[in-house]
Amino acid sequence: MQKSADIPGEIVSTLNGGGRVEDDTLVVEVEHLKKTFGKNEVLKDINLHLRRGENIVVLGKSGSGKSVLIRCIVRLIEPDEGKVMILKKNIEELNNDELNQIRGKIGFLFQSGALYDSMSVRENLEFALRRKLKTDSKDRVDMLVREALEDVGLIKDIDKMPSELSGGMRKRVSLARTLILKPEIMLYDEPTTGLDPFTSREICELILKVQKKYATSSIIITHDTDCVKITSNRVFVLKDGKCFAEGTYEDLKSSGNSWINSFLR
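These remarks concern the structure in this document. (Residues numbered from 1 in each chain as written. Predicted model: local features only at pLDDT ≥ 70, side-chain atom pairs only at ≥ 80, totals over all residues. Heavy atoms only, no water.)

**Here we look at the overall build of the chain**
1) Next: On a plain count of helices and strands, the chain comes out with nine helices and eleven strands.
2) Next: Of all 265 residues assigned to the chain, the portion counted as buried reaches 51%.
3) Next: In the chain, once contacts between residues fewer than 6 apart in sequence are set aside, the share between residues at least 24 apart is 68%.
4) Next: Total accessible area on the chain stands at roughly 12800 Å², and carbon and sulfur atoms take up 47% of it. (Helix = DSSP H or I, 4+ residues; strand = E, 2+ residues; numbered from the N terminus. Buried < 20%, exposed > 50% of the residue type's maximum accessible area, 1.4 Å probe, protein only. Contact = heavy atoms within 4.5 Å. Areas by Shrake-Rupley, 256 points an atom, 1.4 Å probe, with all protein chains shown as cover.)

Dropping the structure here:
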C-alpha cells in the first residue's frame, strides 16, 4: 500500500541518540524527557521530533512508557525533567489559557474512544463542536457534523447511540469528533487495540486518509506491527525507557538487530 506522504526516511539511530534537531518544519520537539513513578523509571531520556505533515509511530511493548510519553507531551502528566516544544512554544512556560490554546490545536484519540454514552453519535459531535466554536448556528453545526461522519464512513449511523456501535465504529466516531475541530496535530493512543485484523486495517487506512486530507502531523502509539507498517513515515522504538532505535519501517526491518527483528516479525 502506498504511503500518503513522501517524507524522507531517517537512518536508523540506535541507543540513546537524539538531541535537538534544527528544522523549521518541526511541530513537536521532545528533549531529554524523564518520568518516574515511585521507583519505576518509565521514561529515562526520550528525544523525539515530529515534522509537519508526517506520521510517526512510537512502538514498544506493553508498559514501555508509550502512553505516558504522549500524556507528557500535552501535560496531562507532568514530566520530571526535559523540555516539550509544541508549535515552537515551550509548554512548561505557558499559563493555563495559553496551554488550552495549544491543546485546541491537538486532537487526541484515546484508546477507549471516550464517547458520551448518553448522547447519540450526532450529539457527541455537536457537543464537541459547540464548545469549540461557541455557535448556535444549527445549519453550520449540522454541515460540519455530517462532513466529519462522511470522512469516517458513518453518516448513516448519525442517530445511533454508542451502545449500538461496534468497537471499530466507536473508534471512527471518536475520530470524527476529534477531526471536526480541525486539529493541526493528532495523537493516537493504541488506535487498533481490541479490534479484529480487518477492522484494525480499516482504522489504519483511515489514519492515512486523515493525514492526506487534513495535512495533519500525527504521533501514533501502538504495539501493533501491522499498524506500524501501514501508517508510519518514521518509527521510534522504545525499550527500557529510552529510544532504542529510530528509522523507517523498512530501515528497522533491515537493521540486523535481533531484538527489533523479533519484535517486528
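**A word on the packing of aromatic side chains**
1) Next: This structure, assessed with the given rule, holds two aromatic pairs.
2) Next: Between Tyr116 and Phe127 the ring centres are 5.3 Å apart and the planes differ by 80 degrees, which places this aromatic pair in the edge-to-face class. Taken together, the positions of Tyr116 in the loop between strand 7 (106–109) and helix 3 (121–133) and Phe127 in helix 3 put the pair eleven residues apart, joining distant regions of the chain.
3) Next: Here Tyr116 falls in the partly exposed class, since its relative accessible area comes to 37%.
4) Next: Residue Phe127 is classed as partly exposed on the basis of its relative accessible area, which comes to 33%.
5) Next: Seen in terms of ring centroids, Phe244 and Trp259 are 5.4 Å apart; in terms of plane orientation they differ by 70 degrees. Their pairing is edge-to-face. One end of the pair, Phe244, is in strand 11 (residues 242–247); the other, Trp259, is in helix 9 (residues 258–264), and 15 residues separate them in sequence. (Phe/Tyr/Trp six-rings, centres within 6.5 Å; stacked < 30°, edge-to-face > 60°.)

**What about unusual backbone geometry?**
Glycine aside, a negative phi is what most residues show, and trans is what most peptide bonds show.
1) Next: With a phi close to 50 degrees, His32 is a non-glycine residue in the positive phi region.
2) Next: Assignment of secondary structure puts His32 in strand 2 (residues 26–37).
3) Next: Look at Lys182: it is not a glycine, yet its phi comes out positive at around 55 degrees.
4) Next: Inspection of the secondary structure assignment puts Lys182 in the loop between helix 5 (167–179) and strand 8 (185–189).

**Observations concerning the nonpolar core**
1) Next: Ranked by internal contacts, the top residues of the largest apolar core, which has 45 residues, are Leu59, Leu125, Leu149, Leu175 and Tyr188.
2) Next: Among the elements that make up this core, the one with the highest residue count is helix 6 (residues 197–214) (six residues).
3) Next: Once residues lying within four places of it in the same chain are set aside, the contact partners of Leu149 are Val121, Leu125, Leu154, Ile155, Ile158 and Ala176.
4) Next: Listed in part, the 34 residues of the second largest apolar core include Ile102, Phe108, Leu187 and Phe236. (Core = buried A, V, L, I, M, F, W, Y, C linked by side-chain atoms within 4.5 Å.)

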